Amino acid sequence: MQLGEFLAAIFNSGMVYAVMGAAAAVILSGIGSAIGIGYTASASAGVMTEDPKGFGKYLILVALPGTQGIYGFVAAFLVIMKLFLAENAAAVAQNITTAQGLQVMYACLPIAFAGLVSAIHQGKVVQRVSLLPPNSLRSLEKL
Amino acid sequence: MAVSQMRRAQIFAHSSHRASLIKDLQDMEIIHINNLNDQEEPTIEAPTESETRKIIRGIQNDLSFLQSTIDYLSGFEEKKGFLAGFLGSSLVLSKQEYSDISKDVAHGEWRTICGDCQTLEDQSATLISREARLRSDRENLSLWARLDVPIEDIGNTEKTVVQIGVIPASTYESLFSDLRESEIDVIFEKVGETKTEVYGIVIFLMDDEQEAMPILNRYGFSVVSLPLASGKVMDRLKQIDEEIAQMAIQRAEIAKKSAQLAVNGSKLMAVYDHMSELLRQEEIRESFLNTDHTFMVEGWVRKKDVKKFEDALAKKYEEVEIISSEPTADDEPPVDLEIRGPADPFQMVTRLYGIPNYREIDPTPFIAPFFAFFFGICLTDAGYGFVIALIAFFAARKMTGGSKNLFRLLIVAGMATVVVGAVTGGWFGISGDKLPGFLKSIRLLDPQGSGQMNFLVAILAIGFVQVWFGFFVKFYVDIRDKDLAAAFLDDLPWVIAMILIAVTGFLAMSDAPTSAVMIAVAAIILCCLIIIIFAGRESGNLVGRLGTGGFELYSKITGTFGDVLSYLRLFALGLATGIIAGVVNTMAGMMWGSLLGKFVAIGILIGGHLFNLVINALGGFIHTARLQFVEFFTKFYEGGGEEFRPFRREHTYVTVVDADNSQGSK
């Protein structure tokens, strides 16, 4: 009975869902960036054994799929700012309803999942680009 | 602030002048020589050609000989300081010293040094491989150390078989129970054992060999031949130790001799550079066009150098003809960036992307202020800015070449970081309310506290400005290239529309009358209509034209939106730096207490902030550069020019300075 009350108290608070959304934004887009950078970095490391002078160029190429993780962080930060850091944060945190919490969560999901998938694909594309002949940084325009 | 103007120069001369003309051109360092034999089909080489090839190959062999010697000797040089080793400072010689060394090259003294080095290297390699062999012998023999019989005495007698060998420890016991059962007399004298194997001597009657051997083999017995010809194992082990000690002495001697030779290292470097010059002189011949008695050199000279170039050659040679001409529309002259000013170090960022082509503008002055400022936002900490600027300042003074530019860039970027940090109240991550009053008073924005939303909006506004500026530069470039239709119909409407969007935003937020907002919105729509109507003006039919125009407008809107949002990375990176800095301070604060705790806390502070500084400066550099390349350059910049590389002396090791200069500094 007590456990039931406890769970009800948690899941009736909108806060849980909102924070879940923020976490999902950081976690999923971060995973995407990690995998994407994995692709680009391994390709660049390979290319650099042939062309060590291109270090700066590949450094930029490797970092390209990092954007999604940053966006996820920004989205989560916006949520945290609204819920915890705003002037009336205490009131917001207490009064947020389940429906409102879910809304915040849904708002976080696009960057979470789109970030996850797009970072991986961007990583794969940049991996191909970094294997192109020198001066290929200009092919960034096509990304 | 631009790409230097180039003139094509063609030099015709008599073959007898070839060698001295090449040397003069190399000394002048003015002309970028084109390879005129590039497109030609490979033909059967003329005798003179193969002669050149032979010389080139000879020099290349000498160079690689020198290179290996220099590498070998560098192991014996006195250790440089950590910073000097890291920066790889090069050897500085005056002109006089350098030409003295070049004169010595002909005597071939360097060959003796290199030969000596090679002998030493070979000797030491032999010693190393012999030592390795001895060590492995010792390892094998040490298992048999208790074998107290001279090795030559172990062997078959008239009636018995005597063998030394090894049995797996796991089958050792069962072997003997088996042998006992089969009633064969086999003696195994254990000499040594490890966890997995038992070593010893096996003795049995020759008559039993047929039965004994299969059993022994079944249990994994294998005969061992020791790396020892005669004598006792113990004696041999002692002997090996002595030999190894002896070798250590020999190696120390070789190291000493090498260290003595290492004094010549700098001389060899100078010789190496001199030989590379000679190599370039020979190689460049292959770019010339030749007849039986004359040759032609073609290349590019900066417009401002043309006169100097012609005069210098005309004065020295009578039978030399120089023709200089404007580049034609089909030419792609090499590109020389001539910025001499505060934006100079930012050339390296442009170079990362690719230098402009000959007909483009150099974007370096445009990216310089943004780059420094954005780098500052990624750190938002005045303390870190000071540290970066200070380190970069001292590093830049010691450096030459490409890395000097990096540090000069970091000086500017570090100072920009100080400004941004002061405005946002970032001082080594100290929390806002603990800052001294003065620092608090210059803080305009607090991204770590209540000012986050303002910080975010400010970043978006900055991004909007740079994206707008990119479109504006495109407008300017189109006017410069006299493509007025593109300038006024494609570029200008969007440049104005973006201004109007910003104005509308301000009006909507302030208490401006609705009519003012309406007028602004109407103007925006007008601009958009111009784009829709005119962007597709090359298309023949009306539907295609409007379709192209509509798509153009659509991609301008979404592109601008996406580009501006991309600047949010600055917000995230700036916050992250501040948060990590705050965490470091908190961790140190928890340790602060006892004396030991204070030491630990100071360690955490220094290590933590240094880590945060390095990791975020790196991230800041990358993402700032990315914003320039992906969000800004795509608006107006192509790049892809070929760098202007005058035919010159290229040195790997030595920096030659003017004699006056070096005396002045002494």
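Owing to the predicted nature of the structure, the values given are computational and were not obtained by experimental measurement. Starting from 1, residues in each chain are numbered consecutively following that chain's sequence as written. Both sets of labels track the order of writing: A upward for chains, 1 upward for ligands. With the structure being a predicted model, the display of local features is reserved for residues of pLDDT at least 70 and the display and counting of side-chain atom pairs for 80 or more, all residues being used for whole-chain, interface and lining totals.

### Quick word on the overall build of chain B
Consideration 1: Put simply, DSSP marks the helices as runs of H or I at least four residues long and the strands as runs of E at least two long, and each gets a number from the N terminus on. Looking only at helices and strands, one finds 22 helices and 13 strands in chain B.
Consideration 2: This radius of gyration counts C-alpha atoms alone. The globule rule is 2.2 Å times how many residues there are, raised to the power 0.38. At 39 Å, chain B has a C-alpha radius of gyration far larger than the 26 Å of a compact globule built from 666 residues.
Consideration 3: Dimensions of chain B, computed from C-alpha atoms along their principal axes, come out at roughly 125 × 80 × 65 Å.
Consideration 4: Counts of 20 or more other C-beta atoms within 10 Å of a residue's own C-beta define buried residues, counts of 12 or fewer define exposed ones, and intermediate counts define partly exposed ones; C-beta atoms are placed from the backbone. Across the 666 residues in chain B, those meeting the buried criterion constitute 29%.
Consideration 5: Throughout, a pair of residues is in contact if the C-beta atoms placed from their backbones lie within 7 Å. A separation of at least 24 residues holds for 77% of the contacts in chain B among residues at least 6 apart in sequence.

### Description of the environment of Ala 458 of chain B
Residue and element names in this part refer to chain B.
Consideration 1: Along the chain, the position of Ala 458 falls in helix α16 (residues 452–480).
Consideration 2: Judged by local crowding, Ala 458 falls into the partly exposed class, with 19 C-beta atoms found within 10 Å.
Consideration 3: Between the C-alpha atom of Ala 458 and that of Val 477, which follows or precedes it by 19 residues, the distance is 28 Å.

### Description of the interface of chain B and chain A
Consideration 1: Facing the 19 residues of chain B at the interface are 19 residues of chain A.
Consideration 2: Secondary structure elements with two or more residues in the side of chain B that touches chain A: α11 (347–353), α16, α20 (568–591) and α21 (595–636) of chain B.
Consideration 3: If one sorts the elements of the side of chain B that touches chain A by residue count, α21 of chain B sits on top with 7 residues.

### Overview of the pairing of strand β5 (residues 160–168) of chain B
Consideration 1: Two strands are said to pair when DSSP picks up at least two bridges between them. With 9 bridges joining them, β5 of chain B and strand β7 (residues 197–205) of chain B adopt antiparallel strand pairing. Residue pairing across strands places Thr 160 of chain B opposite Leu 205 of chain B, the latter belonging to β7 of chain B.

### A look at the sheet that holds strand β6 (residues 186–193) of chain B
Residue and element names in this part refer to chain B.
Consideration 1: The 4 strands are arranged β6-β7-β5-β8 in an open sheet whose pairing can be described as antiparallel. The open sheet is flanked by β6 and β8 (222–223), the only strands paired with a single partner.
Consideration 2: Examined bridge by bridge, β6 and β7 share 7 bridges and lie antiparallel to one another. The residue of β7 that forms the bridge with Phe 188 is Val 202.
Consideration 3: Angles shown run from 0 to 180 degrees and are taken between the N-to-C directions of axes, each axis being a line fitted to C-alpha atoms and, for helices, limited to the stretch in contact. With respect to the sheet, helix α6 (residues 169–182) is in contact with β5, β6 and β7, its orientation differing from that of β5 by roughly 140°.

### Notes on the packing of α16 of chain B against helix α17 (residues 484–509) of chain B
Describing two packed helices takes the angle between their axes plus the distance from one axis to the other.
All names here are of chain B.
Consideration 1: At a closest axis distance of 8 Å, the pairing of α16 and α17 adopts a crossing angle of 160°. Classed by the angle they form, the pair α16 and α17 counts as roughly antiparallel. Here α16 and α17 pass one another in a crossing that is left-handed. Across from Phe 464, Trp 468, Phe 471, Phe 472, Lys 474, Phe 475, Asp 478 and Ile 479 in α16, the residues of α17 making contact are Leu 484, Ala 486, Ala 487, Asp 491, Leu 492, Trp 494, Val 495, Met 498 and Ala 502.
Consideration 2: Taken together, the residues that form the contact of α16 with α17 break down as 14 nonpolar, no polar and 3 charged. Comment on the angle field: the value is read as roughly parallel under 35 degrees, roughly antiparallel over 145, roughly perpendicular from 65 to 115, and oblique elsewhere. Left-handed is the label given to a crossing in which the near helix is rotated counterclockwise from the far helix by less than a right angle, and right-handed is the label when the rotation is clockwise. When residues are sorted by character, Ala, Val, Leu, Ile, Met, Phe, Trp, Tyr, Cys and Pro go into the nonpolar class, Asp, Glu, Lys and Arg into the charged class, and all the rest, Gly among them, into the polar class.

### Some remarks on the packing of α16 of chain B against helix α19 (residues 542–566) of chain B
Residues and elements named next belong to chain B.
Consideration 1: Running from N to C, α16 and α19 point in directions that differ by 130°, and their axes come no closer than 8 Å. With respect to α19, the axis of α16 lies oblique. Note on packing geometry: the crossing formed by α16 with α19 is right-handed. Taken together, the residues of α19 that come into contact with α16 (itself represented by Leu 460, Gly 463, Phe 464 and Val 467) are Thr 560, Asp 563 and Val 564.
Consideration 2: The residue inventory of the contact of α16 with α19, partitioned by class, reads 4 nonpolar, 2 polar and 1 charged.

### With respect to unusual backbone geometry
All names here are of chain B.
Consideration 1: In this structure, Thr 380 takes a positive phi of about 40° despite not being glycine.
Consideration 2: For Thr 380, the location among the structural elements is in the loop between α12 (364–379) and α13 (382–398).
Consideration 3: In this structure, Lys 482 takes a positive phi of about 65° despite not being glycine.

### A short note on the domain arrangement of chain B
Consideration 1: Where a domain begins and ends is set by an automatic assignment or by a domain database. Each assigned domain of chain B is listed here: domain 1 (2–108 + 259–325), domain 2 (145–225) and domain 3 (338–636).
Consideration 2: A straight line from the C-alpha centre of domain 1 of chain B to that of domain 3 of chain B covers 43 Å.

### A word on the nonpolar core
Consideration 1: For the purposes of this analysis, a nonpolar core is taken to be any set of buried Ala, Val, Leu, Ile, Met, Phe, Trp, Tyr and Cys residues that are connected through C-beta atoms within 7 Å. Membership of the largest hydrophobic core comes to 101 residues, with the highest contact counts inside it found for Ala 25, Val 74 and Cys 108 of chain A together with Phe 371 and Leu 570 of chain B.
Consideration 2: Examining the composition of this core, we find that 14 residues originate from one element, helix α2 (residues 14–50) of chain A, more than from any other.
Consideration 3: Residues in contact with Val 74 of chain A, not counting those within four places in the same chain, are Leu 568, Phe 571 and Ala 572 of chain B.
Consideration 4: Ile 31, Val 297, Phe 309 and Leu 313 of chain B belong to the second largest nonpolar core, which has 19 residues in total.

### Points about the confidence of the model for chain B
Segments scoring low in pLDDT should not have their predicted coordinates read at a detailed level.
Residue and element names in this part refer to chain B.
Consideration 1: Confidence of the predictor in every single residue is expressed as pLDDT, which spans 0 to 100. Across chain B, the average pLDDT comes to 83, with 94% of residues at 70 or higher.
Consideration 2: Note on residues 83–87: pLDDT under 50 across the span, and 4 contacts to partners over four residues away in sequence or across chains.
Consideration 3: Within the model, the stretch residues 660–666 combines pLDDT values under 50 with 2 contacts to residues more than four positions away or in other chains.
Consideration 4: Overall fold confidence (pTM) sits at 0.74, and the ipTM for the predicted complex is 0.77.

### A word on the pairing of strand β10 (residues 294–302) of chain B
Residue and element names in this part refer to chain B.
Consideration 1: When strand β2 (residues 6–14) meets β10, the two strands line up antiparallel, connected through 9 bridges. From the neighbouring strand, Arg 7 faces β10, where its bridge partner is Val 301.
Consideration 2: Pairing of strand β3 (residues 31–33) with β10 involves 3 bridges; the strand directions are antiparallel. The partner of Ile 31 across the bridge, within β10, is Val 301.

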